[in-house]
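Listed here are the chains, written in short residue letters.
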Amino acid sequence: MDGVRLLRLGKRLTELGREMVTDHASATLSPGEIAVIADVYRHPGTSVQDIRARTGFAQSHVSTSVARLRERGLLDAAPDPADGRRTLLSASETARRYIRARVARPAEPVIAGAVPDPEQARRVGELLDELAGLLLPPDPAARTGGSDHRR
């Protein structure tokens, strides 16, 4: 596989993932905002600089996304007790409920919509699980009985 094909595949997987996690309530969030809130959800009590380091986004992009998400009530902010100049961010209760509901959705219906042949769709699901196991860092939720890689 060449780099262009890998990028195209990544884009298609991103589209399928976005289809799984978005609905009318989240359709107004940009992919970058979704990535920021997902990062904060996984790392509560985090700073803008920490988000920037983990996501690879520019500081200005993270700051803008955080401001928009705070305005919408999706992120809570508190001063860092160790350094009052820093702000620590966490997903709001509204955001946590929404994310838990989205994460619980199985990927199979979205895969079936993209790959109409049922046997091929099943195989795509297996391959995605295998790729996730090989390419993604271990998921702490998986060790505690949380969601699998396709959710």
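Residues numbered from 1 in each chain as written. Predicted model: local features only at pLDDT ≥ 70, side-chain atom pairs only at ≥ 80, totals over all residues. Heavy atoms only, no water.

Examining the overall build of the chain
Within the chain, the regular secondary structure consists of 8 helices and 2 strands. Put simply, the chain runs from its N terminus to its C terminus through helices and strands in the order α-α-α-α-β-β-α-α-α-α. Residue burial in the chain is summarised as follows: out of 151 residues, 25% are buried. Of the contacts formed within the chain by residues at least 6 apart in sequence, a portion of 50% connects residues at least 24 apart. If you sum the accessible surface of the chain, you get close to 9,800 Å²; carbon and sulfur atoms cover 58% of it. (Helix = DSSP H or I, 4+ residues; strand = E, 2+ residues; numbered from the N terminus. Buried < 20%, exposed > 50% of the residue type's maximum accessible area, 1.4 Å probe, protein only. Contact = heavy atoms within 4.5 Å. Areas by Shrake-Rupley, 256 points an atom, 1.4 Å probe, with all protein chains shown as cover.)

Focus: the pairing of strand β2 (residues 83-91)
Note: strand β1 (residues 75-80) against β2, 6 bridges, orientation antiparallel. From the neighbouring strand, D76 faces β2, where its bridge partner is S90. With antiparallel pairing between neighbouring strands as the criterion, β1 and β2 make up a hairpin whose turn holds 2 residues. (Pairing = 2+ DSSP bridges.)

Re helix α7 (residues 118-135)
With 18 residues, α7 should cover 26 Å at 1.5 Å per step; its first-to-last C-alpha distance of 25 Å lies within 8% of that length. Among all positions in α7, only A121, G125 and A132 are buried. For α7, the arc enclosing every buried residue in end-on projection is 50°, short of the 170-degree limit, so these residues lie on one face. Each element contacted by the buried residues of α7 is listed here: α6 (108-114). (Expected span 1.5 Å × (residues − 1). Arc of directions from axis to C-beta.)

Comments concerning the packing of helix α2 (residues 31-42) against helix α4 (residues 59-71)
Two elements in contact, α2 and α4, have axes whose closest approach is 9 Å; the angle formed by their N-to-C orientations is 80°. As summarised for this structure, α2 and α4 are arranged roughly perpendicular, according to the angle between their axes. Here G32, E33, V36 and I37 of α2 come into contact with α4, specifically with H61, S65, V66, R68 and L69. Residue composition of the contact of α2 with α4, by class: 4 nonpolar, 3 polar and 2 charged. (Axes fitted to C-alpha atoms, helices over the stretch in contact; angles between N-to-C directions. Parallel < 35°, antiparallel > 145°, perpendicular 65-115°, else oblique. Nonpolar A, V, L, I, M, F, W, Y, C, P; charged D, E, K, R; others polar.)

Focus: the pattern of salt bridges
Counted under the stated rule, the structure contains 12 salt bridges. Between R54 and D39 there is a salt bridge, with its nearest N and O atoms 2.9 Å apart. Of the two residues, R54 is situated in helix α3 (residues 48-55) and D39 in helix α2; the sequence distance between them amounts to 15 residues. Residue class for R54 comes out partly exposed when judged on its relative accessible area of 36%. Residues E93 and R97 are paired through a salt bridge, measuring 3.7 Å at the closest nitrogen-oxygen approach. Highlighted residues: E93 and R97, both in helix α5 (residues 93-103), separated by 4 residues, approximately one helical turn. Looking at E93, the relative accessible area reads 34%, which means it is partly exposed. By sharing partners, the salt bridges in this structure join E93, R96, R97 and R100 into a single network. (Salt bridge = Lys/Arg side-chain N within 4 Å of Asp/Glu carboxyl O.)

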